[in-house]
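What follows is each chain in one-letter form.
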Amino acid sequence: MIDHRSYQVALRAKALTLSVVTTGSISLSATATGYARASGSFLADGFARGMELTPSGFASNPVDVITDVSALSITTKNARTVEGAAGSRTLAVGLPSARAWENKKPVQDPPIAGIPFVREQYIPGPPALQVTLGQFGDLELLPQYALHIHVPADCGFEAPSAYADAVMRLFTPRTAIPVGSDVLRVSDRGPFRGTLTQSSPGFAVVPITAPLWIRTPNSI
Amino acid sequence: MGFAQSLSGFSAKFKANLAATREGVDAETFRSIVEGSEITGAPGQPVKTRKLHDSWTQDVADTETVTSSDSPYATAVEENLNNAVYENHGPHSVKQTVVAFPRIVEDVVRGIVG
């Protein structure tokens, strides 16, 4: 049965699982200006300026934006409470927490300068086409799901590229997304990303689109 | 009619159908992106000054056809980067045309061979 509403709900739920970069569970300390580690490398992990960072395992876990990265330290936009080194802590980057879901105002409108945000678009696609015969014959639908990742301007290409790559991996070709008794799949031709361009003042944006494919029984 | 003559006739018809398919697919692809299409669901390019609409061109070479625009805001409209409101037509026409391209080919072929 044609059910674009459920498709979009399932795609959004998938997008929310996005994992861009993570330290994994390691020993970390919190400094007055961000975070530090004694070994390993934040750069090698893939952290970059302009990403939104989510800490876990600390006494205080404020979401913040990375303003500088070196192998052993991360500087964040805001000062934070110092905490000594301890294990079982994680720093991770996922889908930006500022989200402009389709036809819904983001919590912060206009977006706050220096903080990444994501905008969602669902494109229903061409007309439904009956592709098999008979009662409950299959309808073919070709919707598309787009995420536009907006990052702070002047933060370089690394953060937007990492976000875009992570989205493309999440929606890699032939990814199956169950929707009720049907299965929505990323088509063989996708996903694809657009060029990094200037967005609203203070932001750059990279659009990523996943073309999808689903066959569902005609309900007549 | 001998076998050779039949084969020659088949070959000529095949070439003519192929050329007509190519011509029809090119035309429908261009129409879908620029004007919009009921086959692909593409809305076509928004028209205000006609600059974007008229910037779209199609270059047909022996083995490929390139449909493109040199408008500086073609990308922003295609991706709907600024969530703009359009008085007519809309964004995503290239994407819609690409995903529904097999339907364009099918529609054109059906029109040629019946």
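Summarised in this report is the structure supplied together with it. Values in this document were obtained by computation on a predicted structure and should not be read as measured data.

Residue and element names in this part refer to chain A. This structure, assessed with the given rule, holds five aromatic pairs over all chains. With a centroid separation of 5.9 Å and an interplanar angle of 85°, the aromatic rings of F42 and F47 are classed as edge-to-face. A residue is classified by how much of its surface remains accessible, and F42, at 0% relative accessible area, is buried. Using a relative accessible area of 3% as the deciding quantity, one classes F47 as buried. Ring plane angle 85° and centroid distance 5.1 Å describe the contact between F117 and F203, whose orientation is recorded as edge-to-face. Of this pair, F117 sits in strand β9 (residues 117-123) while F203 is found in strand β17 (residues 203-217), placing the two residues 86 residues apart along the sequence. Take F117 and F203: they sit in the same class, and that class is buried.

For the rest of this paragraph, the subject is unusual backbone geometry. Omega for the bond connecting G190 of chain A with P191 of chain A falls within 30 degrees of zero, at -5°, which places this linkage in the cis form. Inspection of the secondary structure assignment puts P191 of chain A in the loop between β14 (182-186) and β15 (192-193). One non-glycine residue, R174 of chain A, lies in the positive phi region at around 75°. The residue H92 of chain B is not glycine, and still its phi comes out positive at about 70°.

In this section: the pairing of β14 of chain A. Residues and elements named next belong to chain A. Here β14 shows a buried face lined by D182, L184 and V186 and an unburied face lined by V183 and R185. Across four bridges, the pairing between strand β13 (residues 176-179) and β14 is antiparallel. By the bridge assignment for β14, A176 is matched with R185. Remark: two residues form the turn of the hairpin made by β13 and β14, two consecutive strands paired antiparallel; G180 in that turn has positive phi of roughly 60°.

Volume-wise, the largest pocket comes out at about 430 Å³. If you trace the largest pocket, you find 25 residues lining it, with A100, R119 and E120 of chain A together with N82 and N83 of chain B closest to the centre. A per-class count over the lining of the largest pocket returns ten nonpolar, nine polar and six charged.

Turning to the packing of helix α1 (residues 3-34) of chain B against helix α5 (residues 101-113) of chain B, a few remarks are in order. Residues and elements named next belong to chain B. Where α1 meets α5, the axes come as close as 9 Å, and the angle between the chain directions of the two elements is 135°. Between α1 and α5, the crossing angle belongs to the class labelled oblique. Helix-helix and strand crossings are classified by hand; for α1 and α5 the assignment is right-handed. Across the interface between the two elements, N17, A20, T21, G24, V25, E28 and T29 of α1 pack against F101, I104, V105, V108, V109, I112 and V113 of α5.

The subject of this paragraph is the pairing of strand β2 (residues 26-31) of chain A. Residues and elements named next belong to chain A. Here β2 pairs with strand β7 (residues 83-94) via three bridges, running antiparallel. Counterpart to L28 in the pairing with β7 is A86. A loop of two residues connects β2 with strand β3 (residues 34-36), the two strands running antiparallel in sequence.

This part covers the interface of chain A and chain B. Between chain A and chain B, the contact holds 23 residues from the first and 17 residues from the second. A combined buried area of about 1600 Å² lies between chain A and chain B, and 54% of that area is made up of carbon and sulfur atoms. One can count one salt bridge joining chain A with chain B. The residue E140 of chain A makes a salt bridge to R103 of chain B at a minimum N-O spacing of 3.1 Å. The interface formed by chain A and chain B holds nine residue pairs in polar contact (both at pLDDT 80 or more) in total. Counting only elements with at least two residues in the side of chain A that touches chain B, the list comes to β9, β12 (144-152) and β17 of chain A.

The tendency in soluble globular proteins is for nonpolar side chains to be buried side by side. Grouped together as the largest cluster of nonpolar side chains are 49 residues, with contacts concentrated most on V20, F47, M51, L91, Y145 and F171 of chain A. Considering every element that reaches this core, the biggest residue donor is helix α3 (residues 158-170) of chain A, with seven residues. With residues up to four places along the chain from it excluded, the contact list for V20 of chain A reads M51, V93, G94, A162, Y163, A166 and R169 of chain A. By size, the runner-up hydrophobic cluster in this structure holds six residues, among which are V34, L52, A74 and V77 of chain B.

All names here are of chain A. With respect to the helices and strands, the residue D68 is situated in strand β5 (residues 64-69). We classify D68 as partly exposed; its relative accessible area is 44%. Sequence separation of D68 and F47 is 21 residues, and the distance between their C-alpha atoms is 9.3 Å. Residues within four places of D68 in sequence aside, it is in contact with R49, S73, I74 and T75.

Definitions and limits used
- Residues numbered from 1 in each chain as written.
- Chains lettered and ligands numbered in written order.
- Predicted model: local features only at pLDDT ≥ 70, side-chain atom pairs only at ≥ 80, totals over all residues.
- Heavy atoms only, no water.
- Phe/Tyr/Trp six-rings, centres within 6.5 Å; stacked < 30°, edge-to-face > 60°.
- Buried < 20%, exposed > 50% of the residue type's maximum accessible area, 1.4 Å probe, protein only.
- Helix = DSSP H or I, 4+ residues; strand = E, 2+ residues; numbered from the N terminus.
- Pairing = 2+ DSSP bridges.
- 1 Å grid on protein atoms, 1.4 Å probe; cavity = no way out; pocket = protein on both sides within 12 Å on 5 of 7 lines; lining within 4 Å.
- Points joined across faces, edges and corners; volume = space filled by probe spheres on them.
- Nonpolar A, V, L, I, M, F, W, Y, C, P; charged D, E, K, R; others polar.
- Axes fitted to C-alpha atoms, helices over the stretch in contact; angles between N-to-C directions.
- Parallel < 35°, antiparallel > 145°, perpendicular 65-115°, else oblique.
- Left-handed = near helix turned anticlockwise from the far one by under 90°.
- Contact = heavy atoms within 4.5 Å.
- Buried area = accessible area lost by both parts, 1.4 Å probe.
- Salt bridge = Lys/Arg side-chain N within 4 Å of Asp/Glu carboxyl O.
- Polar contact = N/O pair within 3.5 Å; in protein donor to acceptor, adjacent residues only side chain to side chain.
- Core = buried A, V, L, I, M, F, W, Y, C linked by side-chain atoms within 4.5 Å.

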